[in-house]
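# Report on the structure
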Amino acid sequence: MKTLLFSAAAVALSFGYASAVTGTLDETDTGSFGPSPTELSSATIAIDGYGGSGTLTHVEIEVVGSIVNSTIDLTNNGAGPELFEASTNITFLIGGDVTFAPSTFQASGGTGIQSLNAGESGSFNVSGSNSLTEVFSSGLALFLSPFDIESSTLTGLSLVGGGGNLANSQTTNAQVDVTVRYFIADTPPPPPIPLPAGLPLLLTALGGLTFIGWRGRKA
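Let us look at the structure shown here. Nothing here was measured: the structure is a model prediction, and the numbers come from that model. (Residues numbered from 1 in each chain as written. Predicted model: local features only at pLDDT ≥ 70, side-chain atom pairs only at ≥ 80, totals over all residues. Heavy atoms only, no water.)

## Some words on the packing of aromatic side chains
Considering all chains together, one arrives at six aromatic pairs under this definition. Measuring from centroid to centroid gives 5.6 Å for Phe 136 and Phe 143, while their planes differ by 50 degrees, and the two rings are tilted. In this pair, the class of Phe 136 matches that of Phe 143, namely buried. With centroids separated by 5.3 Å and ring planes inclined at 80 degrees, the aromatic side chains of Phe 143 and Phe 147 adopt a geometry described as edge-to-face. Side by side, Phe 143 and Phe 147 carry an identical accessibility label, which is buried. Among the aromatic residues, those joined into a ring-pair cluster are Phe 100, Phe 136, Phe 143 and Phe 147. (Phe/Tyr/Trp six-rings, centres within 6.5 Å; stacked < 30°, edge-to-face > 60°. Buried < 20%, exposed > 50% of the residue type's maximum accessible area, 1.4 Å probe, protein only.)

And the structure:
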């Protein structure tokens, strides 16, 4: 999905002088993949590329990885109640046509501290998200035509407590959302219009005539 924004320059005028702020956000692309069961393997998000007419100064890409529609299932096989805390952890690996550094980040979603009685089972919903943002100011030709961003995942489950008596499993779905922001250089303002050479003298003369007229009326 593409969003177009009007490019605007902040202009300050003083006696024909003007200055402009550069690096205006001109266009935004978005794309997503999922929710899909993990593991993701080179999940592809297609981005249209910059379609405006400005000159790119830099491109900002934000990748959000989320744990959605996911559960951790536990059964207490011990003889008594057990306290525990479990969490799903997903490492997102980002690549494709764009090189990110770093190229990985992790999202986690946990149960908080819970308890299960002997022989009891429980299913706990978990969710979480994290993001990676990178700004590119060179190699901008890549972003002038369609390009792909890919994501893979590594999913794990961590369990604290339970005394070794908790059988566990998880059902995990991941989603990846990408936002690409294109910044352009502002159009330079037109040069100041020079005043006619004789205009300052004319203004001085008019000021003098006004003063003489005022003195005449006062007399």
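## Brief notes about the side chain of Thr 24
Tracing the chain through its elements places Thr 24 in strand S2 (residues 24-37). Judged by its relative accessible area of 14%, Thr 24 is buried. A distance of 2.5 Å separates the side chain of Thr 24 from the side chain of Asp 186, its partner in a polar contact. (Helix = DSSP H or I, 4+ residues; strand = E, 2+ residues; numbered from the N terminus. Polar contact = N/O pair within 3.5 Å; in protein donor to acceptor, adjacent residues only side chain to side chain.)

## Digging into the sheet that holds strand S3 (residues 43-47)
Spatially, S3-S8-S5-S6 is the arrangement adopted by the four strands of the open sheet, whose pairing is antiparallel. The open sheet has two free edges, formed respectively by S3 and strand S6 (104-116), since each of these has just one partner strand. Geometrically, the sheet is characterised by an average inter-axis angle of 25 degrees between neighbouring strands, direction not taken into account. Bridging between strand S5 (residues 82-96) and S6 involves 11 bridges; their strand directions are antiparallel. From the neighbouring strand, Thr 91 faces S6, where its bridge partner is Gln 106. (Pairing = 2+ DSSP bridges. Axes fitted to C-alpha atoms, helices over the stretch in contact; angles between N-to-C directions.)

## What to know about the nonpolar core
Formed by 29 residues in total, the largest nonpolar core has its most connected members in Ile 61, Phe 100, Phe 143, Val 178 and Tyr 182. Going through the elements one at a time, S3, strand S4 (56-76), S5, S6, strand S7 (121-136), strand S8 (147-161) and strand S9 (166-184) are the ones with two or more residues in this core. Element by element, the count of residues in this core is highest for S9, at six residues. Residues within four places of Val 178 in sequence aside, it is in contact with Asp 29, Thr 30, Gly 31, Ile 45, Ile 47, Ile 61, Glu 62, Val 63 and Ile 149. (Core = buried A, V, L, I, M, F, W, Y, C linked by side-chain atoms within 4.5 Å. Contact = heavy atoms within 4.5 Å.)

## Observations regarding the pairing of S3
Note on strand geometry: in a regular strand, side chains alternate between the two faces of the sheet. Because side chains alternate across S3, one face comprises the buried residues Ala 43, Ile 45 and Ile 47, and the other comprises Thr 44 and Ala 46, none of which is buried. As paired strands, S3 and S8 are joined by five bridges and run antiparallel to one another. When the bridges of S8 are listed, Ala 43 appears paired with Ser 151.

## Describing the pairing of S5
Of the pairings in the sheet, the one linking S5 to S8 comprises 13 bridges and is antiparallel in character. Paired with Asn 89 across the strands is Gly 156, a residue of S8.

## A closer look at the pattern of salt bridges
Working definition: two side chains of opposite charge can pair if their charged atoms are close together. Here the structure, examined in full by the defined rule, presents two salt bridges. A salt bridge links Glu 60 to Arg 181; the nearest nitrogen and oxygen atoms lie 2.7 Å apart. Of this pair, Glu 60 sits in strand S4 while Arg 181 sits in strand S9; the two residues are 121 residues apart in sequence, bridging distant segments of the chain. Judged by relative accessible area, which is 23%, Arg 181 ranks as partly exposed. The partner of Glu 62 in a salt bridge is Arg 181, and the shortest N-O contact between them spans 3.4 Å. One end of the pair, Glu 62, is in strand S4; the other, Arg 181, is in strand S9, and 119 residues separate them in sequence. Under the relative-accessibility criterion, Glu 62 is labelled partly exposed at 22%. (Salt bridge = Lys/Arg side-chain N within 4 Å of Asp/Glu carboxyl O.)

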